[in-house]
Structure formats: C-alpha cells, structure tokens
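Listed here are the chains, written in short residue letters.
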Amino acid sequence: MRFFTRDRAAPSLRFYTVESLGDKQSLTPEGFLVILDVPIARTGNMIYGANEIPVAPGRDGLVTIHRDAEDVFHFDYMASLLGKSVTNDHPPEDVVPLNWKEHEVGQVLNIHRGTGVQGDLLLADFIIKDPAAIKDVRAGKREVSVGYDAEYIEIAPGEGKQV
C-alpha cells in the first residue's frame, strides 16, 4: 500500500489503496470503456510498518489497522465516491473544478458492496473516456489506487482502527 501524508497534523493522512482492475470490461457504442466491479476499498485487518500509520507500533515493529464494515460501507462514505474522477495515475494535486480537465479520464459510478467471496469489498464501475487511458487499460494496465483521507484511533500499541 502506498501513501503520503498531507501537511497537517496526524492522525489524518491521505492514503492510496492499491487494487486491480478486473476483466469485466466492454466498450460502449461510442467507444468509451466501461469496467464493472472494480475493488476500491476493503474491510479487514491491514498490516503496516512502524512509520506508515500514526499509531504506535507493537513490539514487533508493526501496526495492525482494523477497517470495519460499518466504516467502509457507510452510506456517507459510499456516496462521497459517486461521480469522482478516474485519473491515469495519481495526479500531483487533488482533482477540483479548476483542474479536472487536466486530470480526469473518466468517472466512478455505481458504488456497491460485493457479495459472496467479495463481501468484504467495496466495488464500483468505471467509465473511461480518454483515448490514451483506454489504450493503457486495453494494453494491460490494471492497478487501481483510490486516494482518500483517513483518521485513526489507537486501540493499543500496534493496534488501531481506521475511520
């Protein structure tokens, strides 16, 4: 998992969760690329090194962070992702009204919880409209990384909760 901190005090960080585009891809009659059921977040326990998270490490130098279903699948969080910009790699700045034309290659649609073996995943559909980004995906680009702000509650040294 890759991340960078913002220039503000911990425990608030910006994170990039790395997942993978699936094979459920099709082209619309106009030539846009639609990708269904892209994993964009997950529940469960994530292991981090001592300096990656604003939670004191355990004796082994690691931190276990819990991501609970009530946080990952919270209505407000899911709604905050709807219509967000898809970019081709992480831009050097947040995508906002003044710069979206420089960075956006598509949009995030249909935010939903997975079922069955994907029940721990938050999924979304992407529509990619930029020809270069479509070409990259069709040529095999598969890494998806959602940038988001997170806050942490330290439960004990080496253990915390992301909210």
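Residues numbered from 1 in each chain as written. Predicted model: local features only at pLDDT ≥ 70, side-chain atom pairs only at ≥ 80, totals over all residues. Heavy atoms only, no water.

For the protein chain, the count of helices and strands is four helices and 12 strands. Counting all 163 residues of the protein chain, 38% fall into the buried class. Accessible surface, the protein chain: about 9200 Å² in total, of which carbon and sulfur atoms supply 54%. (Helix = DSSP H or I, 4+ residues; strand = E, 2+ residues; numbered from the N terminus. Buried < 20%, exposed > 50% of the residue type's maximum accessible area, 1.4 Å probe, protein only. Areas by Shrake-Rupley, 256 points an atom, 1.4 Å probe, with all protein chains shown as cover.)

The subject of this paragraph is helix 4 (residues 131-138). Every buried residue of helix 4 is listed here: A133, I134 and V137. Along helix 4, the residues classed as buried sweep out an arc of 100° about the axis, all on the same side. When the buried face of helix 4 is taken as reference, the exposed residues oriented beyond 90 degrees from it are P131 and K135. Residues of helix 4 that are buried in the fold lie against strand 3 (25-27), strand 4 (33-42), strand 8 (104-113) and strand 9 (121-128). Measuring from the backbone nitrogen of A132 back to the side-chain oxygen at the start of helix 4 gives 3.2 Å, which picks out D130 as the cap. A positive phi of about 120° marks G140, the residue just after helix 4. (Arc of directions from axis to C-beta. Contact = heavy atoms within 4.5 Å. Polar contact = N/O pair within 3.5 Å; in protein donor to acceptor, adjacent residues only side chain to side chain.)

The subject of this paragraph is the pattern of salt bridges. Tallied over the entire structure, the rule returns six salt bridges. Counted as one network, the salt bridges with shared partners bring together D68, E70, D71 and K161. (Salt bridge = Lys/Arg side-chain N within 4 Å of Asp/Glu carboxyl O.)

Attention now moves to the nonpolar core. Counting residues in each nonpolar core, the largest one holds 32 residues, and the members touching the most others are I40, I111, L122, F126 and I128. At the level of elements, strand 4, strand 5 (44-49), strand 6 (62-67), helix 2 (75-81), strand 8, strand 9, helix 4 and strand 10 (143-150) are the ones that each hand at least two residues to this core. With five residues, the single largest contributor to this core is strand 4. Setting aside chain neighbours within four positions, we find L122 in contact with V38, P39, I40, A41, V72, F73, Y77, M78, L81, I111, H112 and R113. (Core = buried A, V, L, I, M, F, W, Y, C linked by side-chain atoms within 4.5 Å.)

So, about the pairing of strand 6. With six bridges connecting them, strand 5 and strand 6 associate as antiparallel partners. Residue G44 lies in a different strand from strand 6, and its bridge partner there is R67. As paired elements, strand 6 and strand 12 (residues 159-162) share three bridges and run parallel to each other. Residue pairing across strands places I65 opposite G160, the latter belonging to strand 12. (Pairing = 2+ DSSP bridges.)

A few words on the confidence of the model for the protein chain. Averaged over the protein chain, the pLDDT score is 86; the fraction of residues at 70 or greater is 87%. Within the protein chain, strand 8 carries the highest mean pLDDT (97), whereas strand 1 (residues 2-4) carries the lowest (33). This stretch, residues 1-17, has a pLDDT under 50; its non-local contacts, to residues over four places away or in other chains, come to 58 contacts. (pLDDT = per-residue confidence, 0-100.)

Positive phi values are uncommon outside glycine, yet D89 reaches one of about 80°. Residue placement: D89 occurs in the loop between strand 7 (85-87) and helix 3 (100-103). D89 sits in the exposed class, given a relative accessible area of 52%. At N110, a position not held by glycine, the phi torsion is positive, near 50°. Within the secondary structure layout, N110 lies in strand 8.

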